[in-house]
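Chain by chain, the residues:
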Amino acid sequence: MIWEELKKIWRPGILLAVLFLAFVYDTLFLAAYTRESPFEQQNDGMAKVCRELVQAYGTGLSEEEFMQFQAEIPKLHKTADQYVSQSSIGKKYGLKTFEQYAVFCKKAVEEAPSQAVSADQDETYADAMRLHNFLSSKETDWIEASLYASYLLEQIYQVKKEYRKELWTESQAACSPKELEHIKTACYGEGKLWQNILPPDLPQTVSRFAGYLLTLICLSVCLLLSPLLVRDRLSRVQPLQYSSRRGRKIYNTQSAAVMLSTFFVTTAELAVFGGLLLRHGTFVFFPCKMYSFTMMQFCWPDWTHGVWCLMLAVLCYLTAYATAGIVFFLSQGSQNYISMLLRVIPLAAALAVWSPKLMENAFYSRNELYHFSGMPYIEIVSTGILFLAGCGLWLFAVRRRQE
């Protein structure tokens, strides 16, 4: 029986509609994270340097290891000098060092005409941009962004090392005493979490991607499951089912089929799109803690980045099952496809608004739900309430139809 219900859910037309939805959604929202690097050019250099630090020193950067990192920066600078001096444009203008290149670019930009077309036609400006693109390309191993990120990390580490607790006390005047106490004990206590290595934009990038992905999962669940009970009602299958003892328990079988289908579609989309994101090398930071000296936002849990990503996946599963329960409840009360759409579309719109707010900077101080409520771990609490509400509506729908 359950196999027959699964075949009713996974009809070829519905499956094609779900695949088309995923393709369109990927093109509009996820492509920036899955097809190219999810970081901007300078932030990509920061991620590259942090990745090299993790591979060289582990998940944390002690003060002794920081001194070793400082000693490597002049070598990186000499490599940049070589790229500049050996390039055709560097030879054309007599540029020998990276500092000369920086001065040359600044002067070219300042003296370029204000009109974009005229600026492109200016030979000096065009050469400066070509040299910039060369130093920011894979051919030079993104040397300019790496050098910029190395100097920035050096400055940030020194500031955090010197001020530590005082830095947060002075700069976070809006923080509550509870938040400041958490920052001092967790981030600057015996664990020395402030020494951990993690690119500053990685949590926001991954969580924003997770918000878009959760929206896609919820829309897919709505599209996949909503026609099931309406189709049975319109085709008069339910009276035939109720004519037998086994058929009167069909809602239990349909519930199992819905649970399996929700698991399949959620797992498939997490695996496909999550795998496309991980191919950019972010999995290297899985052992790293959530907080780092590169950040000014703080987090409540003392998890690793990998555990945090796993928790985002758990939130996706709970929200998906909550959506399935609500859709099952709405669908069993719909007399036709039009009434079903009038009920499901507002649900889909509400989930599309709520999902990014839940996921972006989840468990960090910049999460919107945390800002609104002031409650730590509000992400788990709110998702748990939604899950229980979905399960309650699901059970209510099944029990009412069996009476």
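Bear in mind that the values here come from a model prediction, so they are computed numbers and not experimental data.

Enquirer: Help me understand the packing of aromatic side chains in this model?
Expert: Two aromatic rings, taken as a pair, are described by how far apart their centres are and by the angle between their planes. Following the criterion strictly, the structure yields 20 aromatic pairs and no others. Judged by centre distance (6.4 Å) and plane angle (45°), the ring pair of Phe 66 and Phe 69 falls under tilted. Residue Phe 66 and its partner Phe 69 are located together in helix 4 (residues 63-86), separated by three residues, close to a single helical turn. Each member of the pair, Phe 66 together with Phe 69, is buried. Judged by centre distance (6.1 Å) and plane angle (50°), the ring pair of Phe 329 and Phe 396 falls under tilted. With a gap of 67 residues between them, Phe 329 in helix 16 (residues 305-332) and Phe 396 in helix 19 (residues 378-402) connect regions that are remote in the sequence. Of the residues examined, Phe 396 reaches a relative accessible area of 45% and is grouped as partly exposed. Taken together, the ring pairs in this structure connect Tyr 25, Phe 29, Tyr 33, Phe 209 and Tyr 212 into an aromatic cluster.

Enquirer: Just checking my understanding: could you explain the environment of Asp 127 for this structure?
Expert: Looking at the element boundaries, Asp 127 is found in helix 8 (residues 123-135). As a C-alpha pair, Asp 127 and Tyr 93 span 34 residues in sequence and 9.5 Å in three-dimensional space. Those residues in contact with Asp 127 that lie beyond four places of it in its chain are Ile 89, Lys 92 and Tyr 93. Among the polar contacts listed, one links the side chain of Asp 127 to the side chain of Arg 130, at a separation of 2.3 Å.

Enquirer: Would you mind showing me how to read unusual backbone geometry here?
Expert: Glycine aside, a negative phi is what most residues show, and trans is what most peptide bonds show. Even without a glycine there, the phi angle at Asn 361 is positive, about 55°. Here Asn 361 is to be found in the loop between helix 17 (337-359) and helix 18 (368-373). Here Tyr 377, not a glycine, exhibits a phi torsion of approximately 60°, which is positive. By relative accessible area, Tyr 377 is classed as partly exposed at 31%.

Enquirer: Looking at this structure, how should I read the packing of helix 12 (residues 202-225) against helix 15 (residues 250-278)?
Expert: When two helices pack together, their arrangement is given by the angle between the helix axes and the distance between those axes. Put simply, helix 12 and helix 15 touch, their axes get as near as 10 Å, and they point 150° apart. Relative to helix 15, the crossing made by helix 12 is right-handed. Only Val 258, Ser 261, Thr 262, Val 265, Thr 266, Glu 269, Leu 270, Phe 273, Gly 274 and Leu 277 of helix 15 make contact with helix 12, whose side of the interface consists of Val 206, Phe 209, Leu 213, Leu 216, Ile 217, Ser 220, Val 221, Leu 224 and Leu 225. Its residues assigned to classes, the contact of helix 12 with helix 15 comprises 13 nonpolar, five polar and one charged.

Basis of the calculations
- Note that residues are indexed from 1 along each chain, following the sequence as it is written.
- Where totals are concerned, whole chains, interfaces and linings use all residues; where local detail is concerned, this predicted model gives features only for residues with pLDDT of at least 70, and gives and counts side-chain atom pairs only at 80 or more.
- Only hydrogens and water are removed before side-chain values are computed, so all heavy atoms of the structure are retained for them.
- Put simply, two rings from Phe, Tyr or Trp (the six-membered ring, in Trp's case) pair if the centres are within 6.5 Å, and we call them stacked under 30 degrees between planes, edge-to-face over 60, tilted for the rest.
- Under the DSSP-based scheme used, a helix requires at least four consecutive residues in state H or I and a strand at least two consecutive residues in state E, with every element numbered from the N terminus.
- Relative accessibility under 20% of the residue-type maximum defines a buried residue, over 50% an exposed one, and the middle range a partly exposed one, all with a 1.4 Å probe and only protein chains included.
- Contacts are assigned to residue pairs with any non-hydrogen atoms lying within 4.5 Å of each other.
- Side-chain atoms alone can form a polar contact between residues adjacent in sequence; in general such a contact is a pair of N or O atoms within 3.5 Å, and within protein one must be able to donate a hydrogen while the other accepts it.
- Where helices are involved, their axes are fitted lines through C-alpha atoms of the stretch in contact, as for all axes, and angles between N-to-C directions lie from 0 to 180°.
- Crossing handedness is defined as follows: a turn of the near helix away from the far one that is anticlockwise and smaller than a right angle gives a left-handed crossing, while the clockwise case is right-handed.
- Throughout, the ten residues Ala, Val, Leu, Ile, Met, Phe, Trp, Tyr, Cys and Pro are labelled nonpolar, Asp, Glu, Lys and Arg are labelled charged, and all others, Gly among them, are labelled polar.

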